[in-house]
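Each chain is listed here by its residues.
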Amino acid sequence: RLAESFWQLVLDWREHNQPMQGVNWKSGQEVGFRLMAWVFGLYAFLDSPATTAQRVYALAEMVLISAGRLERSLPYELSQRNNHGISTAVGLFTVATLFPELDHSGRSMRRARRLLEREVRRLVYDDGCFSQHSTNYHRVMLDDYTWAVRLAAVSGRPFSQALLRRIERAANLLFQLQDPATGRVPNFGANDGALVLPLSSCEFGDYRPALQAAHYAVTGRLLYEDGPWNEQLLWLCGAEALSRDDQKQQRTDVAASTGGYFGLRLDSDFAFIHAPPAFMHRPSHADLLHVDVWWRGLNIALDPGSYSYADPQAELLAGTRPHNTVSVDGRDQMVRVSRFLWVKWPHCCTRFHGSGEGGAVRCWEGEHDGYLRLDHPVLHRRAVVGLGADHWVILDRLSSDGEHEYRLHWLLPDFQHRLDGERGELGLQTSRGPYVVRVGSPDGPAALSLASADSHSLAGWFSPTYAVRTPALSLSATFAAMNLLIWSVLGPPLQDVEFADNRLRLILPEGIAEIECGTGDGSIVEGIEFAGATSTFLAVS
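It should be emphasised that the depicted structure is a prediction, and the values quoted were computed from it without experimental measurement. (Residues numbered from 1 in each chain as written. Predicted model: local features only at pLDDT ≥ 70, side-chain atom pairs only at ≥ 80, totals over all residues. Heavy atoms only, no water.)

(A) Molecular detail of the overall build of the protein. The helix and strand tally for the protein stands at nine helices and 25 strands. Relative to the globule expectation of 24 Å for 541 residues, the C-alpha radius of gyration of the protein, 25 Å, shows essentially globular dimensions. When its C-alpha atoms are laid out on the principal axes, the protein stretches across 80 × 50 × 40 Å. When the 541 residues of the protein are sorted by exposure, 58% land in the buried category. Pairs at least 24 residues apart make up 65% of the contacts formed inside the protein by residues separated by at least 6 positions. Taken as a whole, the protein presents about 21800 Å² of accessible surface, with 51% of it coming from carbon and sulfur. (Helix = DSSP H or I, 4+ residues; strand = E, 2+ residues; numbered from the N terminus. Rg over C-alpha atoms; globule rule 2.2 N^0.38 Å. Buried < 20%, exposed > 50% of the residue type's maximum accessible area, 1.4 Å probe, protein only. Contact = heavy atoms within 4.5 Å. Areas by Shrake-Rupley, 256 points an atom, 1.4 Å probe, with all protein chains shown as cover.)

(B) Seen up close, the sheet that holds strand 23 (residues 511-517). Taken in spatial order, the five strands of this open sheet run 21-22-23-24-25, and their pairing is antiparallel. A strand with exactly one partner marks an edge of an open sheet, and here the two such strands are strand 21 (496-500) and strand 25 (535-539). Taken pair by pair, the neighbouring strands of this sheet meet at an average axis angle of 10 degrees, ignoring direction. Looking at chain direction, strand 21 and strand 22 (residues 503-508) are connected through five bridges and run antiparallel. Pairing of Phe499 across the sheet is with Leu504, part of strand 22. (Pairing = 2+ DSSP bridges. Axes fitted to C-alpha atoms, helices over the stretch in contact; angles between N-to-C directions.)

(C) Highlighting a nonpolar patch on the surface. On the surface, Val337, Leu341 and Val343 cluster together into a nonpolar patch covering about 200 Å² of accessible area. One can find Val343 in strand 8 (residues 341-343). Its relative accessible area of 30% is what places Val343 among the partly exposed residues. (Patch = residues over 30% accessible without salt bridge, like charges linked within 9 Å, V, L, I, M, F, W, Y side chains within 5 Å. Salt bridge = Lys/Arg side-chain N within 4 Å of Asp/Glu carboxyl O.)

(D) Examining the state of the cysteines more closely. In this structure the tally under the stated criterion is zero disulfides. The cysteine Cys129 is free of any disulfide, with Cys348 supplying the nearest cysteine sulfur at 13 Å. (Disulfide = S-S within 2.5 Å.)

(E) The arrangement of the sheet that holds strand 3 (residues 269-274) in detail. Ordered by their spatial adjacency, five strands build an open sheet running 1-2-3-4-5, and the pairing between neighbours is antiparallel. With one partner strand each, in any of the chains shown, strand 1 (254-256) and strand 5 (298-301) form the two edges of the open sheet. Pairwise comparison of adjacent strand axes, ignoring direction, gives a mean angle of 20 degrees for this sheet. Relative to strand 3, strand 2 (residues 261-265) runs antiparallel, the two sharing five bridges. Along strand 3, the bridge assignment pairs Gly263 with Phe272.

(F) How the structure looks around the nonpolar core. Phe93, Leu116, Met141, Leu142 and Leu211 are the most contacted members of the largest nonpolar core, which has 79 residues in total. Among the elements that line this core, the one with the most residues is helix 6 (residues 135-154), at 10 residues. Those residues in contact with Phe93 that lie beyond four places of it in its chain are Met109, Ala112, Arg113, Leu116, Ala148, Leu151, Ala152 and Phe159. Counting residues in hydrophobic clusters, the runner-up holds 48 residues, among them Leu266, Phe279, Trp295 and Val378. (Core = buried A, V, L, I, M, F, W, Y, C linked by side-chain atoms within 4.5 Å.)

(G) Region of the structure containing the packing of helix 7 (residues 161-176) against helix 8 (residues 208-219). In contact at an axis separation of 9 Å, helix 7 and helix 8 are set at 150 degrees when each is read in the N-to-C sense. The orientation of helix 7 with respect to helix 8, classified from their angle, is roughly antiparallel. Viewed along their axes, helix 7 and helix 8 form a crossing whose handedness is left-handed. Contact with helix 7, carried on its side by Leu164, Ile167, Glu168, Ala171, Leu174 and Phe175, involves Leu211, Ala214, His215, Val218 and Thr219 of helix 8 and no other residues of that element. Counted by class, the contact of helix 7 with helix 8 contains eight nonpolar, two polar and one charged residues. (Parallel < 35°, antiparallel > 145°, perpendicular 65-115°, else oblique. Left-handed = near helix turned anticlockwise from the far one by under 90°. Nonpolar A, V, L, I, M, F, W, Y, C, P; charged D, E, K, R; others polar.)

(H) View of the pairing of strand 2. Most of strand 2 is tucked away, with five of its five residues classed as buried. Here strand 1 runs beside strand 2; their pairing, made up of three bridges, is antiparallel. Within the sheet, the bridge partner assigned to Ala256 lies in strand 2 and is Tyr261. The turn linking strand 1 back onto strand 2 is made up of four residues, and Gly260 within it adopts a positive phi angle of 85 degrees. Turn length for the strand 2-strand 3 hairpin, with the two strands adjacent in sequence and antiparallel, is three residues.

(I) Geometry of the packing of helix 3 (residues 53-79) against helix 4 (residues 83-98). Running from N to C, helix 3 and helix 4 cross one another at 150 degrees; their axes reach a closest spacing of 9 Å. What the angle tells us is that helix 3 and helix 4 run roughly antiparallel. Note on packing geometry: the crossing formed by helix 3 with helix 4 is left-handed. Between helix 3 and helix 4, the residues in contact are Val63, Ala67, Leu70, Glu71, Ser73, Leu74, Glu77 and Leu78 and His84, Gly85, Thr88, Ala89, Gly91, Leu92 and Val95, respectively. A per-class count over the contact of helix 3 with helix 4 returns eight nonpolar, five polar and two charged.

(J) Highlighting the packing of aromatic side chains. Applying the stated criterion to the full structure yields 17 aromatic pairs. Centroid distance Tyr261 to Phe272: 5.8 Å. Interplanar angle 85 degrees. Geometry classified as edge-to-face. Placement of the pair is Tyr261 in strand 2 and Phe272 in strand 3, with a sequence separation of 11 residues. Look at Tyr309 and Phe340: their rings are 5.1 Å apart centre to centre, the planes differ by 85 degrees, and that puts the pair in the edge-to-face class. Taken together, the residues Tyr309 in the loop between strand 5 and strand 6 (326-328) and Phe340 in the loop between strand 7 (335-338) and strand 8 connect sequence positions 31 residues apart. A relative accessible area of 18% places Tyr309 in the buried class. A cation over an aromatic ring shows up here: Arg139 above the ring of Phe204, its NZ or CZ 4.8 Å from the ring centre. (Phe/Tyr/Trp six-rings, centres within 6.5 Å; stacked < 30°, edge-to-face > 60°. Lys NZ or Arg CZ within 6 Å of the ring centre and 35° of its normal.)

Below, the structure is given as structure tokens:
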């Protein structure tokens, strides 16, 4: 029954999509994905009575014509310096490997192999980051290469060890940024809902199927214990892969300094920070110093997502204001000139990244120069401090010789909530227990505002994937100042927060923390002391 359905769908597509006519032939990358799906179905149903010689011949003709389309579009797809070139090369490699009887297959094989070796070197950085600055497109790249690596292995012509090692680093980077309870990763950068290899029953946002298969394909080792995410591994690598009992990798702090992905981990939490030193490829979103916070399997501080490339209003989600960072005078950190193009690319500098003995205190500090282009330049420096099991303190310093409007923003899930303007605190009732976000400044009170599902804008919306948006809580604190220090505390309810004599003191359920802040243009944080079950001191400056 399933085989017959497959063939009817393929032949119906053939009838209604004549070669090079219509929208389904416009993108070389889409042609490559379609080729992968066709040959997957062909080999899955090869022994079925529904797979007749006539049907195979019709599909082979479609494959040949599609390969010609890929060869013609390859120069353009490669010029994009992203997944388009990789997917097109994978499509050609698939045809050349599985249909050697077709004309030019040998030449196409050699060309596709060279391109896949080249693209992984120029688009996947040494630290595992990917040129498109997007976790979802990162997964697209991994699925492409997992498919190609398996094809090369089963045909007896594996790729180079250099390619395999680079894909291993790319898979490991997402593993380190992953929430272990759900398999999800930060909704970072553009996300059009792409899933190249939908070969498991796991939800779209669960990255374990892709990472398990990719890591095993290039190393022969597993990342996770047994689970439904192994279905993709079974399809691509066979039943022998499921019999492995490898030492599973542990998650640690992340410092992918080339691409600018940083991560800090506490017992049940982790924080993700985006701070690229310099963009080598087109930026996706104007989101420098954005922070994601995860707690007990919940993404508490959210990246807004993309929603739609075709909706002019949705383009605002790629700007600075919807992200968890500080915007200045309502402007983006860089200048947008078209739907996919930013200019005046800024730079970030990481000043500190480390932890205290025992891991009860962790800190990252850095800055960006995106607002130095203003008439009265502004330098934004941010410190992210992890305390104990599940509390985060984020400190922002804005420095300028002129007055500006500074707006700190936090995007949070649409939980039952209560805003206390006098305390500068938003309380959330989550499925894992109560959680608070508290904002303050020693330089004066903040003008707090809260929006959710604003029908006239994209404020208070979260887009987990393309063309989908769900209500969220948009908490902002606005200040008018020249020089400003803002602190935010995120975590379960705490007894007290006070700032005096350049020290931020927090009374937490598991202990007392004091953060000594610097003055002037130096470090925001000079030292962190945490007194709990044990005492820890971390010198930062």
